[in-house]
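# A look at the structure
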Amino acid sequence: MKRRLWISLIGTIVAAVGALAFNLATDNKPILGLDLQGGLSVILAPEEGASEADLLVIRDLVRSSLERSGVAEPDVRVQGSNIVVDLPGVKDKEEALRSVSVSGIVELRPVVNLSDCSAPIVDPEITDDVEPNGFRRTAPEPEPEDTVPPVPELFTNGAEFLPTLDGGAVCVGPAQASGEVFERDSASVALGQVGGFSVNVELRSDGEAAWNSLATQCFNQLPTCPSTGIDANGASRPGQIAIVLDGVVQSAPVVNTPVFDGNVSITGSFSQEEAEQLADVLNRGAFPVQVTPQETRTVSASAGGDSLNAAIISGLIGLALVLIFLVFYYRLLALVIIGGLIIWGMTVYSAAAFVSGATNYALSLAGITGIIVAIGVTVDSYVVFFERMKDEIRNGRTLRNAAPRSFNSTWRTIWSADLVSVIGAVILFSLSVGSVRGFALYLGITTLCDLFVCFFFTRPAVLLLARSKFMVGKRAFGLEVAAS
């Protein structure tokens, strides 16, 4: 029993110190939020009138797109008739504008034959270049040899050449639907059955008819969406639907069924990155109105540094006052509390560094508030444990006997109370956005760290101390301890 206690105690200390040393050696630090490290703030304005509901939809879609792209804890909010996007740690204005440029128009257009892209449009209102009947126009002046005539893109039947992501070009017909046929923020990436990745997206109830109309044309190879090739068996394959974002073809999948029942699955030899980009495009297409960046402002890092210093100083002052009270109240056993809080602090730092590296959640001022609140949760665990020990000693038990009995009696209370805090943090994290999520995240993480330290450090430390000769003849909690 004693050996297992030493293994638990030493193992926990080595793990906490080792993780902290590794993070410091590799400069793996928690990513700070906008309010602590500064960054850029971008104001997006709708190009046309937008209702409050439209602004809320745009806010949610912009936030989802930024989080998928890896921006650390972006703060996206509606302010008046605009959308304000705060990007922590972003210093380059061009990078900031690229990050929030997520509202491009998505069009769904049939892929047509190259012969449809043959005759350029002639505007009947322009008569300067039209030759009247019975007259002969003079020969045009020859163009310089090094001049290449521009390739026409838009044609009389509405077809046009559009570039693809791989540098090619596709002849597409007029748009028959927009990205609003897709359910908002429903596109997801899945592993394909024959290798590669697929993209799954849901259809809106009011957009399903438009999608199925285009799909039926392509599947049946109608003139509006003809076959553009042959399959492995030598038969003509169904037509293709080009998914176009801002005039660039993102993908042109072949339609394998004429009717889709609420869901669309796009398969192919996608890499994971390509599939995620396509899913992002399908989600972008659900923007109710266009928004454009109107202003980019820099948030001072010095102001964030002042906030961080104030938070750290206030936390340290509060912790010092608590420790002074605990030392006065619990005497020698307060050394265990001090040691436990040090191990807990190392564990929290390493967990925060891991979360920042593995996800896009930054440590903001709200997150630091969650950590400070969790200090109280951690101290409560010691108070519950030690108060039970005091009762056992008052009843005449020895410290050696009181320590294990007290922990066994109070462990259920400790983990039940911490579980309530974790459940509250999970619910708050699920239902909230922005900085409130940071508070909930770090409240939950630090509470889990408390459970870890309480069982693997505090328990063996107190039990070993209670069995040691160091406590022989000593007063525990200011009470006389019965002889062993």
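### Some details on the overall build of the protein
For the protein, the count of helices and strands is eleven helices and 13 strands. Within the span of the protein, comprising 484 residues, buried residues form 42% of the whole. By sequence separation, contacts in the protein at least 24 residues apart represent 75% of the contacts at least 6 residues apart. Accessible surface, the protein: about 25,300 Å² in total, of which carbon and sulfur atoms supply 58%.

### Considerations on the state of the cysteines
All told, the structure shown has two disulfides when counted by the stated rule. A sulfur-sulfur separation of 1.9 Å characterises the disulfide bridge that pairs Cys 117 with Cys 171. The sign of the S-S torsion, about 90 degrees, decides the handedness of the disulfide formed by Cys 117 and Cys 171: right-handed. One end of the pair, Cys 117, is in the loop between β4 (106–110) and β5 (160–163); the other, Cys 171, is in strand β6 (residues 169–172), with 54 residues separating them in the sequence.

### Quick word on the sheet that holds strand β10 (residues 241–245)
Sheets are built from strands paired through backbone hydrogen bonds, the pairs being either parallel or antiparallel. Strands sit in the order β7-β4-β10-β11 across an open sheet of four strands; the sheet is antiparallel. Sheet topology places β7 (177–178) and β11 (248–251) at the edges, where each strand pairs with a single neighbour. Note that β4 and β7 share two bridges and pair antiparallel. Pairing of Glu 107 across the sheet is with Ser 178, part of β7.

### Considerations on the confidence of the model for the protein
Fine structural detail should not be taken from predicted coordinates in areas where pLDDT scores are low. Mean pLDDT over the protein: 79, with 80% of residues reaching 70 or higher. This stretch, residues 120–155, has a pLDDT under 50; its non-local contacts, to residues over four places away or in other chains, come to 23 contacts.

### Comments concerning the nonpolar core
Trp 344, Phe 386, Met 389 and Tyr 442 are the most contacted members of the largest nonpolar core, which totals 54 residues. Secondary structure elements with two or more residues in this core: α1 (2–25), α7 (301–330), α8 (334–358), α9 (365–394), α10 (399–431) and α11 (435–467). Looking at which element gives the most residues to this core, the answer is α11, with 15 residues. One finds Ala 177, Cys 218, Ile 243 and Leu 282 within the second-largest nonpolar core, a separate group that totals 27 residues.

### Details of the packing of α8 against α11
Helix-helix packing is characterised by the crossing angle of the two axes and by the distance between the axes. The interhelical angle for the contact between α8 and α11, taken along N-to-C directions, is 145 degrees, at an axis separation of 9 Å. As α8 packs across α11, the resulting crossing turns out to be right-handed.

### What about the sheet that holds strand β8 (residues 188–191)?
Pairing is antiparallel across the open sheet formed by three strands, whose spatial order is β8-β9-β12. Each edge of the open sheet is held by one strand with a lone partner, namely β8 and β12 (263–270). On average, each strand axis in the sheet is inclined to that of its neighbour by 30 degrees, with strand direction left out of account. Bridging between strand β9 (residues 197–202) and β12 involves five bridges; their strand directions are antiparallel. The partner of Asn 200 across the bridge, within β12, is Ser 265.

### What to know about the side chain of Gln 217
Take Gln 217: it is sitting in helix α5 (residues 208–219). According to the relative accessible area criterion, Gln 217 is buried, its value standing at 12%. In this view, Gln 217 contacts Gln 176, Leu 222, Thr 224 and Cys 225; residues no more than four positions away in its chain are not counted.

### As for the layout of surface pockets
Approximately 690 Å³ is the volume found for the largest pocket. If you go around the largest pocket, you meet 23 residues; those closest to its centre are Ile 312, Val 348, Tyr 349, Ile 368 and Ile 371. Listed by contribution, the elements that provide at least two residues to the lining of the largest pocket are α7, α8 and α9. Split into classes, the residues belonging to the lining of the largest pocket amount to 20 nonpolar, two polar and one charged.

### Points about the environment of Ala 242
For Ala 242, the location among the structural elements is in strand β10. Look at Ala 242 and you get buried, because its relative accessible area is 0%. C-alpha separation for the pair Ala 242 and Ala 175, spaced 67 residues apart in sequence, amounts to 9.3 Å. Ignoring sequence-local partners within four residues, the contact set of Ala 242 consists of Glu 107, Leu 108, Arg 109, Val 111, Val 172, Val 249, Ser 251 and Ala 252.

### Topic: unusual backbone geometry
In this model, Asp 27 sits at a positive phi of 55 degrees, which is unusual for a non-glycine residue. The topology assignment puts Asp 27 in the loop between α1 and α2 (34–37). Although it is not a glycine, Gln 221 sits at a positive phi angle of roughly 55 degrees. Structurally, Gln 221 is set in the loop between α5 and β10. Judged by relative accessible area, Gln 221 falls into the partly exposed class, the value being 30%.

Each value, and the rule that gives it
Residues numbered from 1 in each chain as written. Predicted model: local features only at pLDDT ≥ 70, side-chain atom pairs only at ≥ 80, totals over all residues. Heavy atoms only, no water. Helix = DSSP H or I, 4+ residues; strand = E, 2+ residues; numbered from the N terminus. Buried < 20%, exposed > 50% of the residue type's maximum accessible area, 1.4 Å probe, protein only. Contact = heavy atoms within 4.5 Å. Areas by Shrake-Rupley, 256 points an atom, 1.4 Å probe, with all protein chains shown as cover. Disulfide = S-S within 2.5 Å. Pairing = 2+ DSSP bridges. pLDDT = per-residue confidence, 0-100. Core = buried A, V, L, I, M, F, W, Y, C linked by side-chain atoms within 4.5 Å. Axes fitted to C-alpha atoms, helices over the stretch in contact; angles between N-to-C directions. Left-handed = near helix turned anticlockwise from the far one by under 90°. 1 Å grid on protein atoms, 1.4 Å probe; cavity = no way out; pocket = protein on both sides within 12 Å on 5 of 7 lines; lining within 4 Å. Points joined across faces, edges and corners; volume = space filled by probe spheres on them. Nonpolar A, V, L, I, M, F, W, Y, C, P; charged D, E, K, R; others polar.

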